[in-house]
Amino acid sequence: MAGARGFGFQVPAKPAPLDGVVNLDDFEPIARERLDPRAYGYYASGAGAERSLHDNVASWSAWRLLPRVLSGSRAPETSVRLLGGSAALPFGVAPAALQGMAHPDGELAMARAATGHGVPYVLSTASTRTIEEVAAAAGSEAAGPRWFQLYVEHDLGFARELVLRAEAAGFTAVVLTVDLPVAGYRERDIRNRLAIPMSVQAHLPAGLAEGETEFTTYIDTKPELRWADVEAIAGWSSLPLVVKGILAPRDVERAADHGAAAVWVSNHGGRQLDGSVTAAEMLAEAVDAAAGRVEIYADGGIRRGSDILVALALGARAVFIGRPFLYALATAGEAGVEHAIAILGDELRRSLSILGATAVTDVRREHLRPAIVP
Ligand SMILES: Cc1cc2nc3c(=O)[nH]c(=O)nc-3n(C[C@H](O)[C@H](O)[C@H](O)COP(=O)(O)O)c2cc1C
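These remarks concern the structure in this document. Please read all numbers here as calculations on a predicted model, not as lab measurements.

## With respect to the site of the ligand
- Around the ligand lies a shell of 23 residues, among which Ala94, Ser124, Thr177, Gly269 and Gly322 are the nearest.
- Among the residues making up the shell around the ligand, the classes are represented as nine nonpolar, ten polar and four charged.

What follows is the structure, encoded as structure tokens:
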């Protein structure tokens with residue numbers, strides 16, 4: 001099939017038809033077919049034996065939804081307040097590296113599709129487009145929230161420059177990822193000999209083009225980062241700080257003590273510590289530990305509107321989704337991601353109505369029971 005260059009990898013130029021795609025899982029086989037095996041492997045893989053990758057999806061089913069009758073609405077309110085801004089839906093696009101491997105427009109198409117529908121878009125530090133290009137694609141701040149995800153690599157001064165650039169470009173929050181002191185052991189990437197040009201980072205110095213510098217399988221961050229650094233980072237800009245990659249309740253408290261406005265409960269999509277707890281398992285404890293001091297978000301294995309309801313019932317303010325949006329981007333670019341957002345929005349509205357809720361903010365722990373049948 002004729003193709004285009006998607007960040008060094010071949011991707012088919014023509015979008016795939018979307019009429020057969022009725023849920024988020026339907027994108028994956030199409031993407032798998034279209035992508036270079038190394039790109040697909042990078043998106044799909046988890047660490048080690050990939051137990052956490054599978055547990056993430058399965059653990060939302062540990063809870064059952066308990067509907068109330070005669071109390072729903074045809075058009076439930078789906079908007080939420082996040083960090084003082086407004087999002088049309090209680091889910092967003094999680095930061096994911098190397099979106100240019102899925103589609104030539106990469107982060108630009110993803111950002112346009114999300115913010116155009118009032119859905120938060122979080123730009124990864126390991127982007128194939130610059131901070132400024134993505135900000136321009138995301139449009140005005142009146143559209144959906146756009147946040148910048150920060151990996152602190154070895155140099156704090158450099159990280160600070162990135163934050164200041166993101167702030168100047170109109171990003172509205174900084175998401176500091178703290179669960180990657182070193183990269184997880186991803187066997188598919190090792191087998192595929194995946195090599196990532198160092199030039200992917202959004203901070204790409206002017207004039208440095210793809211492939212001009214050394215290649216690495218891993219994006220390294222600073223293993224010696226400490227809570228005092230988190231507090232310093234919170235003070236670098238006027239933007240609210242979200243700390244991403246927390247699982248332990250005590251770390252939720254510490255984040256709140258060190259300047260975070262929100263905590264993002266996550267095991268990094270099962271890509272870091274294989275065998276770790278899942279966000280679904282830790283969410284209730286995280287919400288209790290937060291005691292209303294910080295907003296709580298969650299991600300990992302969320303694929304359905306009903307999974308979102310479970311997370312909201314456990315106390316999450318919003319959830320984020322990684323891989324399905326990458327597969328949607330690979331399937332049909334911006335239109336693919338728009339289709340994914342429409343499907344999930346529709347599932348969510350229907351599930352809310354049937355749950356007997358008139359707004360996402362009505363969903364509470366009373367709507368949940370532990371599953372008995374595994
Ligand atoms: C291919 C890929 C790349 C990712 N890159 C980043 C990243 O650059 N920064 C980050 O904070 N998280 C990154 N993540 C983790 C996601 O933000 C998110 O936590 C995870 O994908 C959620 O799980 P899900 O894919 O099951 O929805 C990445 C995940 C994937 C699958």
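## Topic: unusual backbone geometry
- Despite not being glycine, Arg193 has its phi angle at roughly 50°, a positive value.
- On the secondary structure map, Arg193 appears in the loop between helix H7 (187-191) and strand E10 (196-197).
- Not every positive phi belongs to a glycine, and His268 is a case in point at roughly 65°.
- Mapped onto the elements of the fold, His268 is located in the loop between strand E13 (262-265) and helix H10 (279-290).
- Using a count of 25 C-beta atoms within 10 Å as the deciding quantity, one classes His268 as buried.

## Overview of the environment of Gly106
- If you trace the backbone, Gly106 turns up in helix H4 (residues 106-116).
- The exposure class of Gly106 is buried, given the 24 C-beta atoms found within 10 Å.

## Brief notes about the packing of helix H9 (residues 249-257) against H10
- Following both chains from N to C, one finds H9 and H10 inclined at 35°, their axes separated by 8 Å at the closest point. Crossing of H9 over H10 shows right-handed handedness. In this structure, H9 contributes Pro249, Val252, Glu253 and Ala256 to the contact, and H10 contributes Glu285, Ala286, Ala289 and Ala290.

## With respect to H10
- Those residues of H10 not exposed but buried are Ala279, Ala280, Met282, Leu283, Ala286, Val287, Ala289 and Ala290. Down the axis of H10, the sector holding all buried residues measures 155°, keeping them to one side.
- Lining the buried residues of H10 we find helix H3 (51-59), H9, E13, strand E14 (295-299) and helix H11 (305-314).
- Where H10 ends, the next residue or the one after it, Ala291, has phi of about 45°, a positive value.

Reading guide: rules and limits
Residues numbered from 1 in each chain as written. Predicted model: local features only at pLDDT ≥ 70, side-chain atom pairs only at ≥ 80, totals over all residues. Near = placed C-beta within 6 Å. Nonpolar A, V, L, I, M, F, W, Y, C, P; charged D, E, K, R; others polar. Helix = DSSP H or I, 4+ residues; strand = E, 2+ residues; numbered from the N terminus. Buried ≥ 20, exposed ≤ 12 C-beta atoms within 10 Å, placed from the backbone. Axes fitted to C-alpha atoms, helices over the stretch in contact; angles between N-to-C directions. Left-handed = near helix turned anticlockwise from the far one by under 90°. Contact = placed C-beta atoms within 7 Å. Arc of directions from axis to C-beta.

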